[in-house]
Amino acid sequence: MKLDMLYFARLKDSFGMATEQLETEAASVDELLTELRQRGGHWSSELAAGKAFRVARNQELVRLDATLSDGDEIAIFPPVTGG
Amino acid sequence: MKLDMLYFARLKDSFGMATEQLETEAASVDELLTELRQRGGHWSSELAAGKAFRVARNQELVRLDATLSDGDEIAIFPPVTGG
Amino acid sequence: MQPFTVRIQHEGFDCGAEIARLSGNPACGAVVSFSGLVRDYGDRQNIAALELEHYPGMTEKSLYAIIEQARQRWQLQAATIIHRVGRLALGEAIVLVVTASSHRKDAFAAAEFLMDFLKTEAPFWKKEIQQDGSVHWVEAKASDQHAAGRWQ
Amino acid sequence: MQPFTVRIQHEGFDCGAEIARLSGNPACGAVVSFSGLVRDYGDRQNIAALELEHYPGMTEKSLYAIIEQARQRWQLQAATIIHRVGRLALGEAIVLVVTASSHRKDAFAAAEFLMDFLKTEAPFWKKEIQQDGSVHWVEAKASDQHAAGRWQ
């Protein structure tokens with residue numbers, strides 16, 4: 001299936017990209033993260049288990065066990081700092 | 001001694017006056033109130049013991065046992081309702 | 001700029017200008033304002049206007065004292081209290097409190113504290129004028145006493 | 001008038017006009033505003049400007065959801081949230097929250113609640129630009145998490 005990936009703020013800078021389309025068989029956010037970490041470098045360090053980052057599926061915050069469907073918009077970003 | 005008396009809001013309306021100069025021997029606010037109540041009518045009903053009113057001496061709220069001095073500005077008024 | 005200001009006046013005020021005046025300090029990240037307006041109901045219904053009386057002299061003194069208390073409790077860089085007196089029509093602003101701080105919690109707490117004490121300590125009295133012309137002094141609210149009490 | 005409004009924009013806003021817009025309801029006696037401004041210090045010192053990024057679409061959605069939560073908790077007649085994005089110089093306003101209610105406690109609580117959630121839930125990120133040109137992403141504050149937590 002295909003996912004529309006979005007990266008924001010520090011993660012966008014670290015990964016060197018703001019968006020990508022990802023072909024994956026990951027069934028959950030957790031599996032997706034494992035796959036991204038395998039890219040190594042900033043991907044493995046920024047998305048390490050203890051790191052503070054958030055995942056949104058179709059513009060709603062979700063937990064690691066959230067499931068994925070074809071065409072989902074998945075955003076990964078640092079804790080927010082607006083206001 | 002002489003006191004400059006001020007009455008505000010509903011008490012001003014009830015007493016039919018906003019200010020007066022009072023010649024008195026009252027040593028405390030309590031004694032002054034007893035004297036005013038002796039005028040009868042609205043004076044005794046508005047200043048009755050259970051009634052909610054406030055007394056300020058020289059523009060600071062005081063309790064009934066506050067003492068009085070010649071020339072004091074004594075204001076009596078209902079609980080405030082501004083803001 | 002005079003950072004702590006109290007004004008008692010008949011005329012209206014410009015909320016935006018007062019907030020802007022306290023927004024100039026580069027150390028202040030947070031500005032909170034409270035505007036109190038004449039509502040169409042209060043103790044009675046169908047209110048057309050309020051008439052506000054105060055105790056000149058004591059009013060200013062008590063408001064500066066309240067600001068002083070707020071400054072002892074919170075980090076407060078500036079504060080403005082404007083309270084109108086005289087006749088105020090429906091929808092007009094009665095009171096404005098503006099607080100400025102480095103921290104939003106302080107700005108919020110100080111503004112709410114100033115309002116709670118204004119409602120229970122500052123010598124202002126409101127008279128409601130109904131649409132049919134009848135006039136009544138507003139009674140003090142137990143809820144305002146309670147709100148002020150929680151800061152003690 | 002649209003009583004509940006969220007706006008994300010590059011351009012500045014007129015605080016006074018936004019407060020006036022929510023002051024027109026004759027049932028609303030209380031209007032509270034919060035303005036957040038660019039300070040000269042944050043995570044670092046000597047800040048010259050901020051650069052604000054957001055997640056278009058999700059931002060608006062999350063802010064309307066936060067307003068919905070506030071309406072369930074407090075009597076709220078109207079609320080406005082304006083949050084700027086892009087580059088903002090020292091002293092400029094970043095965010096404005098305005099709440100209008102019949103009761104001042106509700107207006108205060110809702111404004112503070114909206115700000116606390118804005119700081120912890122809405123997808124905005126700040127970059128500090130120092131006077132010497134160095135640039136750093138702002139780190140999320142534990143104190144903001146704590147502030148938001150007290151409403152739960």
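Up top you'll find the structure we're talking about.
Everything numeric here is computed off the predicted structure, so don't read it as measured data.

**Student:** Hey, could you run me through helix α2 (residues 58-73) of chain D in this one?
**Tutor:** An α-helical turn contains 3.6 residues, so any two residues separated by three or four positions project in the same direction. Spanning 16 residues, α2 of chain D covers 23 Å between terminal C-alpha atoms, matching the ideal 22 Å at 1.5 Å per step. Within the sequence span of α2 of chain D, burial applies to M58, T59, S62, L63, I66, I67 and A70 of chain D.

**Student:** What is the right way to look at the interface of chain D and chain C in this model?
**Tutor:** Contact with chain D, which involves 33 residues of that partner, is made by 33 residues of chain C. Roughly 2,800 Å² is buried in total at the junction of chain D and chain C, and carbon and sulfur atoms are behind 55% of that figure. Together, L37, R104 and F108 of chain D form the three largest contributors to the area buried by chain D at its contact with chain C, with a combined 25%. Along the contact surface separating chain D from chain C lie 4 salt bridges. For D144 of chain C, the salt bridge is made with R104 of chain D, and the minimal N-O distance between the two is 2.9 Å. Viewed at the interface, chain C and chain D are joined by 15 residue pairs in polar contact (both at pLDDT 80 or more).

**Student:** Looking at this model, I keep getting lost on the packing of helix α2 (residues 58-73) of chain C against helix α3 (residues 104-120) of chain C. Mind explaining?
**Tutor:** A pair of packed helices is captured by two measures, namely the crossing angle of their axes and the spacing between those axes. All names here are of chain C. Where α2 meets α3, the closest approach of the two axes is 10 Å, and the angle between their N-to-C directions is 145 degrees. Pair α2 / α3 crosses with right-handed handedness. Here L63, I66, I67, Q69, A70 and R73 of α2 come into contact with α3, specifically with F113, L114, F117 and L118. Residue composition of the contact of α2 with α3, grouped by class: 8 nonpolar, 1 polar and 1 charged.

**Student:** Please clarify how the relation of the copies chain D and chain C should be interpreted in this entry.
**Tutor:** The two chain copies are connected by a rotation around an axis plus a translation along it. The transformation that overlays chain D on chain C combines an axial shift of 0.0 Å with a rotation of 180 degrees, and the residual RMSD is 0.0 Å. Such a turn and shift between the copies fits a two-fold axis. Identified as the residue of chain D closest to the rotation axis by C-alpha distance is G16 of chain D, at 1.8 Å. Same-surface contact between copies: 100% of interface residues of chain D are shared with the interface of chain C.

Quick notes on the rules
Residues numbered from 1 in each chain as written. Chains lettered and ligands numbered in written order. Predicted model: local features only at pLDDT ≥ 70, side-chain atom pairs only at ≥ 80, totals over all residues. Heavy atoms only, no water. Helix = DSSP H or I, 4+ residues; strand = E, 2+ residues; numbered from the N terminus. Expected span 1.5 Å × (residues − 1). Buried < 20%, exposed > 50% of the residue type's maximum accessible area, 1.4 Å probe, protein only. Contact = heavy atoms within 4.5 Å. Buried area = accessible area lost by both parts, 1.4 Å probe. Salt bridge = Lys/Arg side-chain N within 4 Å of Asp/Glu carboxyl O. Polar contact = N/O pair within 3.5 Å; in protein donor to acceptor, adjacent residues only side chain to side chain. Axes fitted to C-alpha atoms, helices over the stretch in contact; angles between N-to-C directions. Left-handed = near helix turned anticlockwise from the far one by under 90°. Nonpolar A, V, L, I, M, F, W, Y, C, P; charged D, E, K, R; others polar. Least-squares fit on C-alpha atoms with pLDDT ≥ 70 in both.

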